[in-house]
Amino acid sequence: MSGFNVQLQLAGVLEWMSQQMAGCGGKTAVIGISGGKDSSTVAAMAVAAYGRNHVYGVLMPDGIQPDIDYSQALVEHLQIPHCTCNIHDAVAGVLSQLEQAGLTPSRQTVVNLPSRIRMATLYAVAQSVEGGIVLNTSNLSEDWVGYCTIYGDSAGAFSPLGMYTTEEVIALGAELGLPEKFLIKPPSDGLTGLTDEDNLGFTYHAVNEYVRKGVVDPAVKEKIDRLHRTSRFKFQLMPVYHNGLPMAPDIRTAHSSVTRFRNCKILHSLRPHMAFFHPFCTAILLLTDNHHRSVYPPQTIFRKAADSRPPVPENSFLPAGLFRIPDSARSIPAFPSSETTEDS
């Protein structure tokens, strides 16, 4: 991780988290606690940014969960308020109702439903505590290959770790003084007993080397590129049909401003750094800035986005070049063409 200044990064992201919470009008960070590196690091960052009395941890085992002790140990280590909501009955209830309706739950249903139930639980908790705001705990390595559940663990008000690789997350957690056991716990799907890397067929380290340095085995590159390409739908804003019907000038201006802020607040808050992350993000900004009425066809929009690599501003907490995506990774099409995408 040459060039990664953990102290500088931590100072920047904590300031950003404070700004995001203030922008949301929130008082309490609500975080799903798995006891792994991502949720542990986000929880520790939230304690540093807001104070432990303004962080609420939610433990969500699905029935009997062998590694729930990690979650309990983490909230005790950080001394944060917390609760346990076992999601087993909720998951089983939905699956039972599907079967009663004559539907056979697919493997995708069984794998993804717990994640979506957990996110619904987090929002239920957030609306039951003072100023609750759900924080996302996904990292760049997972998101790059789409290893997340749309409307499940990919959701949240804002994402502190969304542009950090797994190795950078560990460095941030260590800097915050987290015990090693929370940072080295292998992430698993919670269903098959397999780790994320077992399911993917390659390591997150391989993803990190590819994204940060462009160094990758050709066979692994093909796998990463395919997963990246076919999972971009998980990170798109929901398309809205513009029907051309008139709106009063004052109403149109207010609606445009509110909609763009609500749907794009994370993207716009990271505007100076978007081209370093992925051309898709810059393209979204181009589209939203033109109220989805751009004169450019999509292919041109994404080509323009890929060609735009603005310098990091002087007041940025991102070291120059840290988030530059290698050309080999930046050349991946933003949307799949003829390939079938899977919801996961």
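Residues numbered from 1 in each chain as written. Predicted model: local features only at pLDDT ≥ 70, side-chain atom pairs only at ≥ 80, totals over all residues. Heavy atoms only, no water.

**Student:** Which residues make up the sheet that holds strand S2 (residues 55-59), and what values do they have?
**Tutor:** If you trace the four strands from one edge of the open sheet to the other, you get S3-S2-S1-S4, paired in parallel fashion. Edge strands, defined here as strands with exactly one partner in the open sheet, are strand S3 (82-84) and strand S4 (132-134). When strand polarity is set aside, the average angle formed by the axes of neighbouring strands in this sheet is 25°. Where strand S1 (residues 28-32) meets S2, four bridges bridge the pair, whose relative direction is parallel. Bridged to valine 30 within S2 is tyrosine 56. Across the sheet, helix H2 (residues 37-50) touches S1 and S2, and the angle it forms with S1 is around 170°. Together, S2 and S3 form the strand contacts of helix H3 (residues 68-78), whose direction differs from that of S2 by roughly 165°. (Pairing = 2+ DSSP bridges. Helix = DSSP H or I, 4+ residues; strand = E, 2+ residues; numbered from the N terminus. Axes fitted to C-alpha atoms, helices over the stretch in contact; angles between N-to-C directions. Contact = heavy atoms within 4.5 Å.)

**Student:** Before we move on, can you summarise the side chain of aspartate 143 with the specific residues and values?
**Tutor:** With respect to the helices, strands and loops of the structure, aspartate 143 is situated in helix H6 (residues 140-144). Despite its burial, aspartate 143 remains without a salt bridge, the nearest opposite charge being carried by arginine 232 at 7.1 Å. Other than its neighbours up to four places away in sequence, aspartate 143 contacts Ser138, Cys148, Gly162, Arg232 and Phe235. (Buried < 20%, exposed > 50% of the residue type's maximum accessible area, 1.4 Å probe, protein only. Lys, Arg positive; Asp, Glu negative; His and termini not counted. Salt bridge = Lys/Arg side-chain N within 4 Å of Asp/Glu carboxyl O.)

**Student:** So what about the nonpolar core? Which residues, and what values?
**Tutor:** Met17, Ile31, Ala46, Tyr50, Leu78, Leu135 and Phe158 are the most contacted members of the largest nonpolar core, which totals 36 residues. Of all the secondary structure elements, the ones that give two or more residues to this core are helix H1 (6-24), S1, H2, S2, H3, helix H7 (166-175) and helix H8 (180-184). When residues no more than four places from it in sequence are discounted, the contact partners of leucine 78 are Ser40, Ala43, Ala44, Val47, Arg52 and Leu178. Tyr56, Met60, Ile87 and Leu95 belong to the second-largest nonpolar core, a separate cluster that totals 15 residues. (Core = buried A, V, L, I, M, F, W, Y, C linked by side-chain atoms within 4.5 Å.)

**Student:** Requested: an account of the packing of aromatic side chains, with residues and values cited.
**Tutor:** What characterises a pair of aromatic rings is the spacing of the ring centres plus the angle enclosed by the ring planes. A complete count under the given rule lists two aromatic pairs for this structure. Ring geometry for phenylalanine 4 and tyrosine 164: centres 6.1 Å apart, planes at 90°, overall edge-to-face. With phenylalanine 4 in the segment before H1 and tyrosine 164 in the loop between H6 and H7, this residue pair connects regions lying 160 residues apart in the sequence. Measuring from ring centre to ring centre gives 5.7 Å for tryptophan 16 and phenylalanine 158, while their planes differ by 90°; the resulting arrangement is edge-to-face. Here tryptophan 16 is found in helix H1, whereas its partner phenylalanine 158 is found in the loop between H6 and H7, with 142 residues between them in sequence. Here tryptophan 16 matches phenylalanine 158 in class, with each residue buried. Sitting above the plane of the tyrosine 70 ring, lysine 185 keeps its charged end 5.5 Å from the centroid. (Phe/Tyr/Trp six-rings, centres within 6.5 Å; stacked < 30°, edge-to-face > 60°. Lys NZ or Arg CZ within 6 Å of the ring centre and 35° of its normal.)

Nothing here speaks to function; it is geometry throughout.
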